[in-house]
Amino acid sequence: MNESSLPALNEGRSPSAVSSPPRRPSVIPVITAFSNEQPVKSALVARPRLGLAYRDEVSADRDDDCALWPRMRIIPGSRRPEFTRVHPLRQRELMREMLCQVCREEAAHDARGWLFLLPDARADWPGWPETMANGHPPLCEECVEPVAAFCPHLVGGLAVRVKQPVLHGVYGTEYRLSPNGLVAIGPKTVSYEDPALAWVLAAQMVRILNGCSIDEPLTARLARRAVR
Ligand SMILES: [Zn+2]
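Residues numbered from 1 in each chain as written. Predicted model: local features only at pLDDT ≥ 70, side-chain atom pairs only at ≥ 80, totals over all residues.

So, the overall build of the chain
- Looking only at helices and strands, one finds three helices and 10 strands in the chain.
- The secondary structure elements of the chain, listed N-terminal to C-terminal, are β-β-β-β-α-β-β-β-α-β-β-β-α.
- With 228 residues in all, the chain has 36% of them scored as buried.
- Within the chain, counting contacts between residues at least 6 apart in sequence, those at least 24 apart form 76% of the total. (Helix = DSSP H or I, 4+ residues; strand = E, 2+ residues; numbered from the N terminus. Buried ≥ 20, exposed ≤ 12 C-beta atoms within 10 Å, placed from the backbone. Contact = placed C-beta atoms within 7 Å.)

Next up, the structure:
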């Protein structure tokens with residue numbers, strides 16, 4: 001698996017690149033967090049043999065594969081959309097169900113595969129984005145153009161058709177237990193099978209992209225629209 005192109009939606013590389021959207025968005029993607037959708041303060045603890053947990057944990061704090069997720073208010077449509085911030089629980093739903101990250105309808109898929117829009121990282125390795133760990137949910141054909149025109153993470157992106165986007169694990173913050181308590185030690189992508197999952201607070205659900213081909217005509221069309 002390659003991780004060098006892991007998307008930086010909430011955190012990670014190139015925060016400066018996402019500081020100012022290039023133009024005023026014409027739509028508000030479902031994945032976007034609103035200003036009053038903030039984390040709910042909750043105490044994290046280290047459980048013997050279990051790893052990271054909430055002190056007052058309930059079953060809804062974990063996904064079906066046991067990853068621990070942030071407790072976030074869910075109030076879409078309220079106050080101000082923050083286009084540089086992703087709502088982790090909506091990202092999870094979109095990624096698991098393969099729904100369009102803008103309209104929540106079923107994402108586009110045909111014989112070429114599922115439609116994703118990815119930041120261009122072709123320099124990262126030959127054959128990119130094959131085997132990439134990806135946190136950007138897919139798109140439908142109608143929403144890919146507006147997203148390519150304004151989304152701060154995806155302007156200049158490449159339209160990619162992916163035959164097998166395989167559910168893999170999560171991207172989040174890894175913790176370890178120190179003599180002084182729990183310490184966040186940085187971002188990590190971890191598979192659902194990896195024991196290290198027990199020490200990660202998820203931020204994004206991740207799929208590994210297999211069977212990728214860049215949709216050159218669509219990418220060219222998006223680029224033309226972006227510079228208009
Ligand atoms: Zn859509």
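As for the pairing of strand 9 (residues 181-191)
- Taken together, the 10 bridges between strand 8 (residues 158-178) and strand 9 define a ladder with antiparallel strand orientation. Of the residues in strand 9, the one forming a bridge with Tyr171 is Thr189. (Pairing = 2+ DSSP bridges.)

Focus: the nonpolar core
- With 49 residues, the main nonpolar core has Leu117, Leu139, Val144 and Val147 as its most contacted residues.
- Mapped onto this core, the elements with two or more residues apiece are helix 1 (88-97), strand 6 (113-118), helix 2 (144-150), strand 8 and strand 10 (200-214).
- Sorting elements by how many residues they give to this core places strand 10 first, with nine residues.
- With residues up to four places along the chain from it excluded, the contact list for Val147 reads Pro29, Val102, Leu117, Leu139 and Leu154. (Core = buried A, V, L, I, M, F, W, Y, C linked by C-beta atoms within 7 Å.)

Some points on the pairing of strand 6
- Here strand 6 lies mainly inside the structure; six of its six residues are buried.
- Bridge count for strand 5 (residues 109-110) against strand 6 is two bridges, and the pairing is antiparallel. Counterpart to Asp110 in the pairing with strand 6 is Gly113.
- Counted along the chain from strand 5 to the antiparallel partner strand 6, the turn is two residues long.
- In this structure, strand 6 lies alongside strand 8, joined through five bridges in antiparallel fashion. Residue pairing for strand 8: Leu118 is matched across the bridge by Leu158.

Things to note about helix 1
- Every buried residue of helix 1 is listed here: Pro88, Leu89, Arg90, Gln91, Leu94 and Met95.
- Structurally, helix 1 contributes buried residues whose contacts are with strand 4 (81-86) and strand 10.
- Just downstream of helix 1, Met98 is the residue with a positive phi angle, here 55°.

Topic: the environment of Ala53
- Assignment of secondary structure puts Ala53 in strand 3 (residues 51-54).
- We classify Ala53 as partly exposed; it has 16 C-beta atoms within 10 Å.
- Separated by 147 residues in the primary sequence, Ala53 and Val200 place their C-alpha atoms 9.7 Å from one another.
- Among residues more than four places away in sequence, those in contact with Ala53 are Val45, Arg47 and Leu68.

What to know about the environment of Lys41
- Note on placement: Lys41 falls in the loop between strand 1 (32-34) and strand 2 (44-47).
- Through-space distance from the C-alpha of Lys41 to that of Arg71 is 7.7 Å; in sequence the pair is 30 residues apart.

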